[in-house]
Amino acid sequence: MLKFMVVLYRRPDLTHEQFRRHLQEIHGPLATKLPGLRKYVQNIVCDDPKRNPPGWDAIIELYFDDWPSMEAAWASPQGAASDADLPAFADLARTTWSAVDEIIVAR
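This write-up is about the structure you can find in this document. None of these values were measured; they are calculated from a predicted model. (Residues numbered from 1 in each chain as written. Predicted model: local features only at pLDDT ≥ 70, side-chain atom pairs only at ≥ 80, totals over all residues. Heavy atoms only, no water.)

Once that is clear, we can look at the packing of aromatic side chains. Each aromatic ring pair is described using two quantities: the centre-to-centre distance and the angle formed by the ring planes. Evaluation of the coordinates by the stated rule reveals three aromatic pairs. Plain terms: the ring middles of Phe-19 and Phe-89 are 5.6 Å apart, the flat faces sit at 45° to each other, and that makes the pair tilted. Of the two residues, Phe-19 sits in helix 1 (residues 16-31) while Phe-89 sits in the loop between helix 3 (77-85) and strand 4 (96-100), which places them 70 residues apart along the sequence. A residue is classified by how much of its surface remains accessible, and Phe-19, at 2% relative accessible area, is buried. On the basis of relative accessible area, Phe-89 is assigned to the buried category, the value being 0%. A centroid spacing of 5.8 Å and a plane angle of 70° characterise the contact between Phe-64 and Trp-74, whose relative ring orientation is edge-to-face. Of this pair, Phe-64 sits in strand 3 (residues 58-64) while Trp-74 sits in helix 2 (residues 67-75); the two residues are 10 residues apart in sequence, bridging distant segments of the chain. For Trp-74, a relative accessible area of 21% translates into the label partly exposed. A network of ring pairs unites the aromatic residues Phe-4, Phe-64 and Trp-74 as a single cluster. When the ring centre of Tyr-63 is taken as origin, the NZ or CZ atom of Lys-39, which lies over that ring, is 5.0 Å away. (Phe/Tyr/Trp six-rings, centres within 6.5 Å; stacked < 30°, edge-to-face > 60°. Helix = DSSP H or I, 4+ residues; strand = E, 2+ residues; numbered from the N terminus. Buried < 20%, exposed > 50% of the residue type's maximum accessible area, 1.4 Å probe, protein only. Lys NZ or Arg CZ within 6 Å of the ring centre and 35° of its normal.)

This is the structure we're talking about:
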């Protein structure tokens, strides 16, 4: 299984709530339509009274069977629709993404 992660930063003109609402209600449903997607997780920063905010607003996890499946998803009309929506809520100058090796150390 291939894991692709996106570190999202919200557009500076959006509140945290506006960002969260768009990610959950608009972008999430677009992403779930990616062909070959096996799992999709949104990790959205929440208030933590003991720690400073990390600076980013969400980390997204997308799982595919393999590289060809992932690349086919991005090249699909659904991938284009998902990509086209990103500027509506994400600061693309700071947002980053990468395929990663997930190493489970403990369970």
